Amino acid sequence: MPPSDRMRRAAEWLTGGRVVGPGTGPRSPRPERLPAPRPARAPEAAVPDGAPDVLGSVTADPTERLPDGLVQLRVQRVRSGDDEPAYLLTGACGGPPTRPYLSRTPQLPPTNINLDRVRAGGAVPSQFYRAVRHWSHRQRPLVGWLNEQRDRHGTALHLVIWDDTEYEIPWEMLLLNDGGDTGPDLPLGAAVPVARWTTIRELQRPLLDEPAHCSGRVVGYFDERMRQDIGVFSPFEHEPHTDVDGFLDRLDERRRGNGPSAAPGSPDRTDGATGEYGAAPTGPGSAPDAPAADPGIGLVYMGCHGTHGKRIDDLTAGMLTWYEMDEPAMSALRGGSGTGGTLVCLNVCHSGRLVDNRGGGEDALRGFSELFLRKGAKACIATRGEVEETEARALLGHLVEHARRNPGQPIAHMLRDFRDDAVRNLPRQIPRTQEAGGGQDVEAQRRVLSLLYHFMYVYYGHPQTTLQLAPRRPGSAAP
C-alpha cells in the first residue's frame with residue numbers, strides 16, 4: 001500500500017473510529033437501540049509508521065456531555081489486522097473540556113487473566129496476580145489518562161466501564177501504578193467507584209441517565225448450602241424463600257397462585273384474597289401481621305451455586321437454567337408504591353459473566369446480570385468467577401452493613417471499599433510460585449487468592465445508585 005494511502009486510512013481510523021459494538025465514539029451512558037454488529041476488520045495500521053506517541057482524537061457530541069466527575073470508558077470489539085478478535089477503547093470525561101482517550105491500535109484480549117482461571121486446580125494465585133501486573137504495565141497510556149482524571153476530580157470521580165465484548169477483561173484489577181513505581185499496587189476497583197454496563201437493546205428507559213434510590217424490603221432465595229445466611233437480614237423486612245418456584249412467584253404477579261401452595265407459615269407462603277403478598281416478612285412460626293403500606297422491594301438476593309459455559313444452555317443459577325429464569329416477566333422489579341427501584345445481588349458463581357448468543361440466532365451478549373437489568377432491576381451485583389463461600393459471606397455481610405450504616409452512599413462505593421479491604425491484606429511481597437525448599441507459602445497464597453475472589457464481584461448500574469432497606473417492624477418475627 002502506498003504511504004499516502006496508509007496515512008489517509010490511518011487518519012480515517014483515528015477520526016472515525018471504525019469499531020464494532022453498539023454505537024461509536026464517547027456518548028452519554030444510556031442504552032441505545034442499535035443493530036448489534038459483528039467485529040469488523042481493522043485497518044492494516046491504526047497509526048502510520050513513525051507517528052508520534054500521542055492519543056488520538058474522537059468525535060464528541062457536546063449536547064451529550066457527561067456530568068462533572070463521571071468518566072466513561074467504552075470497550076468495543078474489532079478485528080485486528082490479522083483478523084484476530086481485538087478491542088478498542090474510547091474514554092470521555094464529564095465537566096470542563098478535557099482530552100478524550102482513544103486506543104492507538106486494536107488490542108488483543110488478555111485471556112490469561114480471565115478470572116475463570118481462579119478456581120480449584122486453576123492458576124496459582126501469585127502467578128495469576130503477576131500476569132495482571134504484566135498486563136497493567138503495558139497499559140501505560142490508559143493508566144496515565146485515568147490517573148489524570150483522578151487528579152482532576154479527586155473523590156468526586158466515578159467511572160463507568162461500558163464493555164460490549166465477551167472478552168471478560170478484569171478492568172477493576174488494572175493497576176494504576178506507573179510501570180516503574182515500586183510502591184504498593186493500586187488496583188482501579190479499589191481506588192475508584194466503578195460501575196459496569198453493556199448494551200441491552202431491549203431496554204426503553206435511560207437507566208444510566210440518573211441514579212436510582214433502591215428502597216424497600218428484601219426478597220431472597222437461598223439454596224440448601226446458603227440457608228444459614230437467612231438470619232443476616234434479620235434487621236430488615238425480609239421474605240426468604242427456599243423454594244425456587246415460590247421465589248419466582250414473588251417476582252412475577254402472573255405466576256402467583258399457579259403453582260402448589262406453600263404450607264402456612266413457611267417462607268414461601270402467599271397470603272391475601274387478591275394473591276398479593278403481605279407486607280411483613282414471614283418465617284417458620286411467624287403469624288401474619290395486619291396489612292401495612294407496602295415498602296416495595298429494595299433488594300432481591302440470591303445465594304446459590306452457578307455454572308457457566310460458552311453457550312446460554314450452560315448458564316445456571318441454582319437449579320434454574322438461564323432460559324427458565326428468563327421466562328417470568330418479574331414485574332415486581334419494575335417498582336411500585338414506596339420504592340425507588342430494586343438492586344439485585346447475585347451471590348452466585350459466574351452470574352456476572354456474559355456469553356455471545358450467536359448460537360441462539362442473535363448478535364447479543366446474554367447472562368444473568370443482563371437478564372435482571374432487562375427485566376427492570378435498577379442495578380445488579382454479580383460475580384465474574386467461582387467464589388468461595390467465605391468470600392461470598394464476606395460480601396453479604398459488607399452489603400448488609402452498608403445498607404444499615406450508609407444508606408445514602410452509592411453501592412459502587414461499597415464494592416470499592418470491599419475490594420480495598422482485600423488489597424490492604426495483601427502480603428508486602430507477593431509470594432513466589434515455589435519457595436526455597438520446594439514448597440509454597442500457603443498463607444500468603446491464600447491472601448492473594450482472597451483478593452482475587454473480592455475482585456470477582458462487579459456492579460452494573462448507575463455509579464451513584466443507593467440502597468436503603470426497610471427496617472423490620474417492631475413485633476414482627478425475624479425470618
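Everything here concerns the structure above.
Keep in mind it's a predicted model, so treat the numbers as computed, not measured. (Residues numbered from 1 in each chain as written. Predicted model: local features only at pLDDT ≥ 70, side-chain atom pairs only at ≥ 80, totals over all residues. Heavy atoms only, no water.)

S.K.: What am I meant to see in the overall build of the protein chain here?
M.R.: Of regular secondary structure, the protein chain possesses 10 helices and 17 strands. By residue count, 54% of the 479 residues in the protein chain fall in the buried class. Contacts spanning at least 24 positions in sequence make up 75% of the contacts within the protein chain whose residues lie at least 6 apart. Total accessible area on the protein chain is roughly 20,400 Å²; 49% of this is exposed by carbon and sulfur atoms. (Helix = DSSP H or I, 4+ residues; strand = E, 2+ residues; numbered from the N terminus. Buried < 20%, exposed > 50% of the residue type's maximum accessible area, 1.4 Å probe, protein only. Contact = heavy atoms within 4.5 Å. Areas by Shrake-Rupley, 256 points an atom, 1.4 Å probe, with all protein chains shown as cover.)

S.K.: Can you walk me through helix α5 (residues 244-251) in this structure?
M.R.: Think of an α-helix as turning once every 3.6 residues; residues three or four places apart then point the same way. Where burial is concerned, most of α5 is hidden: 7 out of the 8 residues are buried. All of the buried residues in α5 are Val244, Gly246, Phe247, Leu248, Asp249, Arg250 and Leu251. Buried positions along α5 lie against β6 (213-222), β7 (238-241), β8 (297-304), β11 (320-321), α6 (322-326) and α7 (368-374). Regarding α5, its N-cap is aspartate 243, as a side-chain oxygen of that residue lies 3.3 Å from the backbone nitrogen of aspartate 245 further along. (Polar contact = N/O pair within 3.5 Å; in protein donor to acceptor, adjacent residues only side chain to side chain.)

S.K.: I'm lost on the packing of aromatic side chains in this one. Help?
M.R.: Aromatic ring pairs are defined here through the distance separating the ring centres and the angle between the ring planes. According to the stated counting rule, one finds 9 aromatic pairs in the structure shown. Both rings, one in tryptophan 322 and one in tyrosine 323, keep their centres 5.4 Å apart while their planes meet at 80 degrees; by these two values the pair is edge-to-face. Its relative accessible area of 5% is what places tryptophan 322 among the buried residues. On the basis of relative accessible area, tyrosine 323 is assigned to the partly exposed category, the value being 40%. Each ring, one from phenylalanine 418 and one from tyrosine 457, has its centre 5.9 Å from the other, and the planes form 80 degrees; the classification is edge-to-face. Taken together, the residues span a long stretch of sequence, with phenylalanine 418 in helix α9 (residues 411-424) and tyrosine 457 in strand β16 (residues 457-461) at a distance of 39 residues. (Phe/Tyr/Trp six-rings, centres within 6.5 Å; stacked < 30°, edge-to-face > 60°.)

S.K.: Looking at this structure, I do not really get the pairing of strand β4 (residues 158-163). What am I missing?
M.R.: The buried count for β4 comes to 6 of 6 residues, which makes it a mostly enclosed element. Sheet topology places strand β1 (residues 70-79) next to β4; 6 bridges connect them, and they run parallel. Bridge pairing links valine 75 to aspartate 163 in β4. When β4 meets strand β5 (residues 194-197), the two strands line up parallel, connected through 4 bridges. Along β5, the bridge assignment pairs tryptophan 162 with tryptophan 197. (Pairing = 2+ DSSP bridges.)

S.K.: Looking at this model, I keep getting lost on the nonpolar core. Mind explaining?
M.R.: Generally speaking, a soluble globular protein has its nonpolar side chains buried in company with each other. Within the largest apolar cluster, 115 residues are counted, with the highest numbers of intra-cluster contacts made by Leu299, Met302, Met325, Phe372 and Ile381. Take this core: its biggest share by element is 7 residues, from α9. (Core = buried A, V, L, I, M, F, W, Y, C linked by side-chain atoms within 4.5 Å.)

S.K.: Would you explain the sheet that holds β11 in this entry?
M.R.: One open sheet accounts for 3 strands, arranged β9-β10-β11; its pairing is antiparallel. The outermost strands of the open sheet, each flanked by one partner alone, are β9 (306-307) and β11. Taken together, the 2 bridges between β9 and strand β10 (residues 316-317) define a ladder with antiparallel strand orientation. Counted as the bridge partner of threonine 307 is threonine 316 from β10.

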